[in-house]
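Secondary and tertiary structure notes
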Amino acid sequence: MEKKSFNTPDETMTPPKMKVEIVEVGGGTIMHAKFEPGWKWSVDLKPVVGTDTCPNHHVLIGLSGHLKVVLNDGSEIEAGPDEVVDVPAGHDAWVVGDEAYVAIDVAGANYPQAD
């Protein structure tokens, strides 16, 4: 049995326009992520990560706000509060509207720290 809190995460990362709090529990990584209005992966993380699209798989549980995701094949989806979305590697994403998109990522991907 194990218990962790996002109030005291194992790691916190603050790439541009976002905050990621990470806990390692049960042999896995769970993330609490907040993407600020105006955040876009291809603008804010592409230069940090160094790939054309996000190389990570995510399973997001939306808590607030909305996120638009477009896969390399052109398919797209918008995720909002109380929705669970499975996002394979190879995508761009951005916040829709003026509210931050906040989600729990149960697939657990690690973002590189911005310099």
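One can find the structure itself at the top, above this paragraph.
Attention in this report is confined to the structure presented alongside it. (Residues numbered from 1 in each chain as written. Predicted model: local features only at pLDDT ≥ 70, side-chain atom pairs only at ≥ 80, totals over all residues. Heavy atoms only, no water.)

**What about the packing of aromatic side chains?**
Two aromatic rings are characterised by how far apart their centres lie and by the angle between their planes. The tally for this structure, following the rule as stated, stands at two aromatic pairs. Of the aromatic side chains, those joined through ring pairs into one cluster are Phe35, Trp39 and Tyr101. Positioned over the ring face of Trp94 is Lys40, at 4.6 Å from the centre of the ring. (Phe/Tyr/Trp six-rings, centres within 6.5 Å; stacked < 30°, edge-to-face > 60°. Lys NZ or Arg CZ within 6 Å of the ring centre and 35° of its normal.)

**Quick look at the environment of Ala33**
Summarising the element assignment, Ala33 is placed in strand S3 (residues 28-35). Residues Ala33 and Ile104, 71 residues apart in the sequence, show an inter-C-alpha distance of 6.2 Å. When residues no more than four places from it in sequence are discounted, the contact partners of Ala33 are Lys19, Val20, Tyr101, Val102 and Ala103. (Helix = DSSP H or I, 4+ residues; strand = E, 2+ residues; numbered from the N terminus. Contact = heavy atoms within 4.5 Å.)

**Concerning the nonpolar core**
In terms of nonpolar packing, the biggest core is built from 21 residues, with Met18, Val20, Phe35, Trp39, Leu60, Leu67 and Tyr101 touching the most fellow members. Where this core is concerned, the elements lending two or more residues are strand S2 (18-25), S3, helix H1 (41-49), strand S5 (66-71), strand S7 (84-87), strand S8 (91-96) and strand S9 (101-105). When residues no more than four places from it in sequence are discounted, the contact partners of Trp39 are Pro16, Lys17, Met18, Asp44, Leu45, Leu67, Ala93, Trp94 and Val95. (Core = buried A, V, L, I, M, F, W, Y, C linked by side-chain atoms within 4.5 Å. Buried < 20%, exposed > 50% of the residue type's maximum accessible area, 1.4 Å probe, protein only.)

**Brief notes about the pairing of S2**
Note that strand S1 (residues 11-13) and S2 share three bridges and pair antiparallel. Of the residues in S2, the one forming a bridge with Glu11 is Ile22. Hairpin connection from S1 to S2: four residues lie between these consecutive antiparallel strands, with Lys17 at a positive phi of about 60°. Pairing of S2 with S3, which is carried by eight bridges, proceeds in the antiparallel orientation. Note on S3: the bridge partner recorded for Val25 is Gly28. Turn length for the S2-S3 hairpin, with the two strands adjacent in sequence and antiparallel, is two residues, and the turn residue Gly26 shows positive phi of about 60°. (Pairing = 2+ DSSP bridges.)

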